[in-house]
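Read off the chains here:
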Amino acid sequence: MELDQRYIEDCFIKYAKVNTRSDVSSKQVPTTPGQKELALIVRDDLKKLGIEAWYNEKTAFTIARIPSNTDKNLSSIGFIAHLDTADFNSENVCPIVHPDYDGGDVVLNEGLGIVLSSKEFPDLKKFKGQRLITTDGTTLLGADDKAGVAGLLGAVKYLKEHPDFEHGALYLAFGPDEEIGQGAKRFDETEFPVEFAYTLDNGQPGEIEYETFNAAWAQIEVEGTAVHPGDAYGLMVNAALIANEIVSALPQDEVPEKSKDHEGFILVNEFDATVDHAYLSMIIRDFDTEKFFAKQEFLKELVSKINARYDKPRVTLKFTEQYRNIGDTIKKNPYIVNLAIDSYKRLGFEVKIVPFRGGTDGNFFTQKGIPTPNLFNGGNNFHGQYEYVTTEAMATVSKTILTIVEEHVLQSQSRNMTPLP
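Quick summary incoming for the structure in this document. (Residues numbered from 1 in each chain as written. Predicted model: local features only at pLDDT ≥ 70, side-chain atom pairs only at ≥ 80, totals over all residues. Heavy atoms only, no water.)

A tally of regular secondary structure across the chain gives nine helices and 16 strands. The C-alpha radius of gyration computed for the chain amounts to 24 Å, which stays within 12% of the reference 22 Å derived for 421 residues, consistent with globular compactness. If you line up the chain on its principal axes, its C-alpha atoms span 85 × 60 × 40 Å. Counting over 421 residues, the chain shows a buried share of 54%. Partitioning the intrachain contacts of the chain with sequence separation of at least 6 by distance along the chain shows that 79% fall at a separation of at least 24. (Helix = DSSP H or I, 4+ residues; strand = E, 2+ residues; numbered from the N terminus. Rg over C-alpha atoms; globule rule 2.2 N^0.38 Å. Buried < 20%, exposed > 50% of the residue type's maximum accessible area, 1.4 Å probe, protein only. Contact = heavy atoms within 4.5 Å.)

Written out as structure tokens, the structure is:
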């Protein structure tokens, strides 16, 4: 399978130069103008390849459709990559290509003394001999997720140049505001009639993430009674002390700094308190749905016990659900993950199933009825000045997409339904 690696590289460099940093404080759709600019560029690049593609002004997604070219009865597959970049300097991104990378340190900016150190980042050595792409050390690169975008374009180009490559119908989506958890919420699933899909986000070849946290946001308000401390006996209700009591009652080992793998946590991420009023913000995370709701019940009971001590309810608690574990849905149809794993094995990857300790666009696509695990985009050191990717890694993304498409045809008569771990 010979891919046009220079095309993939050129696409990536062109996309990386567009400032698509999303903005959580913006009420626009998308939240920043550069995201629409890039969505239109991607749309036009797809059209140049002869692909039906369009931009949805309401959702800010570019969507594309590739019709089936087989008589086999195949369901449609979707592939998704996001256009925005994280909260780090994204103005005047200057991608630098280091051909035949030697495996050592890379001077990103001699004037500023910025070096991508192979000692600090030992994974660099894995890419010796490849075409390494970095920044000039003053911005992020945007491999998250423009490497996924470019890899997807590379796969599309191959399909157009090889019309005998058998495949079912494919749908592609390029979305905004993933980094702030907003873009996929607006997605119009009626434009994407697929059985399942894959996001092409962070990670390395062989990795697949089909489980995420269940996630909720808890807000607690405490009403105190402030009086002069000299006259406080029997009158003062100190909101700060009540808030501190709540925090002290939380499970001490169920915090991010003491949890890993499938372990959940409660994180107090904001604490603002005076005698008169206190505010607590917490995020609740757990892969296990029962444990996720048990954490919420624990907070409800704690608040109820505190309120029972006072003349009136002093503590209010509000939950906002953020997203649900995609694994609960995907495990009901293991073919979605097994298809990717079987494709990985054909490509010679070491399969690594990773529980994703966060959320992805796949959470929102899954909630909309499109089960969507995450694959990889091949980049490294995301969200900062030391971010990098190689042209070969992005070509691997393209090859993986094509292999999944091919494997879907091969398994048209008998799907791999091995239960997932």
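Picking up where we left off.
What follows concerns the sheet that holds strand β16 (residues 389-390). Strands sit in the order β4-β7-β16 across an open sheet of three strands; the sheet is antiparallel. Looking at which strands have only one partner, the edges of the open sheet turn out to be β4 (96-98) and β16. (Pairing = 2+ DSSP bridges.)

To continue, consider unusual backbone geometry. Residues apart from glycine generally show negative phi values, whereas peptide bonds are mostly found in trans. P30 follows V29 through a cis peptide bond whose omega is -10°. The omega torsion across D144 and D145 is 10°, close enough to zero to call that bond cis. Within the element layout of this structure, D145 appears in helix α3 (residues 143-161). A positive phi is found at D177, a non-glycine position, where the angle reads about 55°. Positionally, D177 belongs in the loop between β8 (170-175) and β9 (196-199). Even without being glycine, D261 reaches a positive phi, approximately 50°.

A complete count under the given rule lists 25 salt bridges for this structure. With a shortest N-O distance of 3.0 Å, E52 and R65 are connected by a salt bridge. Here R65 lies in strand β2 (residues 61-66) and E52 lies in strand β1 (residues 52-56), a separation of 13 residues in the sequence. By relative accessible area, which is 40% here, E52 ends up partly exposed. Residues participating in the shared-partner salt-bridge network are D4, K157 and E161. (Salt bridge = Lys/Arg side-chain N within 4 Å of Asp/Glu carboxyl O.)

This brings us to the environment of S304. Considering the arrangement of structural elements, one finds S304 in helix α5 (residues 289-307). Sequence separation between S304 and L153 is 151 residues; the distance between their C-alpha atoms is 55 Å.

Here we come to the packing of aromatic side chains. Two descriptors summarise a pair of aromatic rings, namely the distance from one centre to the other and the angle between the planes of the rings. Considering all chains together, one arrives at 18 aromatic pairs under this definition. Here Y344 and F376 contribute two aromatic rings whose centre-to-centre distance is 6.1 Å and whose plane-to-plane angle is 55°, an arrangement assigned as tilted. Of this pair, Y344 sits in helix α7 (residues 335-346) while F376 sits in the loop between α8 (361-367) and β16, and the two are 32 residues apart along the sequence. Like F376, Y344 is buried. For K157, the ring lying beneath its charged end belongs to Y7, and the centroid distance is 5.4 Å. (Phe/Tyr/Trp six-rings, centres within 6.5 Å; stacked < 30°, edge-to-face > 60°. Lys NZ or Arg CZ within 6 Å of the ring centre and 35° of its normal.)

A few words on the packing of helix α4 (residues 239-249) against α5. Think of two packed helices as two axes; the pair is described by the angle between the axes and how far apart they sit. Where α4 contacts α5, the axes come no closer than 11 Å and their chain directions differ by 145°. The two elements α4 and α5 cross, and the hand of that crossing is right-handed. Facing I242, E245, I246 and A249 of α4, the residues of α5 in contact are F298, L302 and I306. (Axes fitted to C-alpha atoms, helices over the stretch in contact; angles between N-to-C directions. Left-handed = near helix turned anticlockwise from the far one by under 90°.)

Spanning 19 residues, α3 covers 26 Å between terminal C-alpha atoms, matching the ideal 27 Å at 1.5 Å per step. With respect to burial, α3 is a largely interior element, 17 of its 19 residues being buried. (Expected span 1.5 Å × (residues − 1).)

Turning our attention to the sheet that holds strand β11 (residues 214-223). Pairing is antiparallel in the open sheet, where four strands are placed in the order β12-β13-β11-β14. Of all the strands in the sheet, the pair left with one neighbour each is β12 (265-273) and β14 (315-323). Averaged over all adjacent pairs, the angle separating strand axes in this sheet is 15°, with direction ignored. Each of β11, β12, β13 (277-286) and β14 touches α4; the most contacted strand, β13, lies at about 15° to it.

Their axes nearest at 11 Å, the elements helix α1 (residues 5-16) and helix α2 (residues 33-48) cross at an angle of 155°. Between α1 and α2, the interaxial angle falls into the category roughly antiparallel. The hand of the α1/α2 crossing is right-handed. Residue-level contacts link Y7, K14 and Y15 of α1 to L38, I41, V42 and D45 of α2. Within the contact of α1 with α2, the residues separate by chemical class into five nonpolar, no polar and two charged. (Parallel < 35°, antiparallel > 145°, perpendicular 65-115°, else oblique. Nonpolar A, V, L, I, M, F, W, Y, C, P; charged D, E, K, R; others polar.)

That is the geometry; function is a separate question.
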